[in-house]
Every structure is written in structure tokens, then in C-alpha cells.
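# Structural description and commentary
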Amino acid sequence: MTTALPLNAKVRFTQERLSVLTPRDRQGLAGRVGVIQTDGNLNRKPTVYFSADETRLDIRLFRVDPRHLELVESPPQAEQEPTQDDDATDSTPTKEVDKTAAAQASEPEGGGKLSQSEMDDLFG
């Protein structure tokens, strides 16, 4: 059984998954570190965003099988669970706003969506 990958975790494709890709696709994904953009507790297959670098464009992959990913770095634990001393009205709405803002801030300009032919080329 796989564990859910947390929101904003840094991941990369496993060597096993890369080994079955075409050389072109392997070159485009090998060594790249992406960020989980969906909550693993809500979606079993997360969306992963890979930002652009000097030679490669940014890419967002939807519904990635988590068995094909390995965790590189856990997200920072900036959000702490409220304790009994905390006022519950202070933390809950702020957390939801922060998560939404973080997800919107990590989106590239232009949406970063792939056409069907690009997806076919990537996983074909």
C-alpha cells in the first residue's frame, strides 16, 4: 500500500518508471524535481508541477500514479495543528486561504497545460 504524498512535497520519478519511457520522455523527466499540487488525502493520483529550467519547459502532469514517484523533500511544517490553548477561529480559515494562495502562486503563466498530443508524446 502506498502512502499519500503531502501537498507541496518535492518528488521525482523513480528509476523504474524512467526506464520504461521513450528516450525523449526520459530525457525530459530524468533528474527533474516536481512539486505535488493536490492533497494526497483527497486525490489518490496527484498533480505534479515541474518548473522550467535552462533547457526544459515547465510541465504539469495530472493524475500521476504515486507508485511512480519518490519523495525528495517533505513540505515545510509551517502550518501547525492548533493546540487546546489556541483559539480555533484564528487558524482554520487562514490555513485554507494560505493553501489556495500557495497553489495559485505556484502556477506558471499561461496555465502550463499540455495538449492531448503532447500528453501522448510524453507517455506514448
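Let us look at the structure shown here. Source: prediction; values computed, not measured. (Residues numbered from 1 in each chain as written. Predicted model: local features only at pLDDT ≥ 70, side-chain atom pairs only at ≥ 80, totals over all residues. Heavy atoms only, no water.)

## Observations concerning the environment of R67
One can find R67 in the loop between β4 (59-61) and β5 (69-73). By relative accessible area, R67 is classed as exposed at 59%. Measuring from C-alpha to C-alpha, the distance between R67 and F13 comes to 9.0 Å, with 54 residues separating the pair along the chain. Within the structure, the side chain of R67 is placed 2.5 Å from the side chain of D65, a separation counted as a polar contact. (Helix = DSSP H or I, 4+ residues; strand = E, 2+ residues; numbered from the N terminus. Buried < 20%, exposed > 50% of the residue type's maximum accessible area, 1.4 Å probe, protein only. Polar contact = N/O pair within 3.5 Å; in protein donor to acceptor, adjacent residues only side chain to side chain.)

## Points about the side chain of R32
Within the element layout of this structure, R32 appears in the loop between α2 (23-29) and β2 (34-36). Despite its burial, R32 pairs with no opposite charge; the closest candidate is D53, at 4.6 Å N-O. At 2.8 Å, the side chain of R32 forms a polar contact with the backbone oxygen of S51. In contact with R32, not counting residues within four places along its chain, are V11, R12, F50, S51, A52, R56, L57, D58 and I59. (Lys, Arg positive; Asp, Glu negative; His and termini not counted. Salt bridge = Lys/Arg side-chain N within 4 Å of Asp/Glu carboxyl O. Contact = heavy atoms within 4.5 Å.)

## Focus: the packing of aromatic side chains
Here the structure, examined in full by the defined rule, presents 1 aromatic pair. Summarising the aromatic geometry, the rings of F13 and F50 are spaced 6.0 Å apart at their centres and angled 15 degrees between planes, so their arrangement reads as stacked. Of this pair, F13 sits in strand β1 (residues 10-13) while F50 sits in strand β3 (residues 48-50); the two residues are 37 residues apart in sequence, bridging distant segments of the chain. Given a relative accessible area of 0%, F50 falls into the buried group. (Phe/Tyr/Trp six-rings, centres within 6.5 Å; stacked < 30°, edge-to-face > 60°.)

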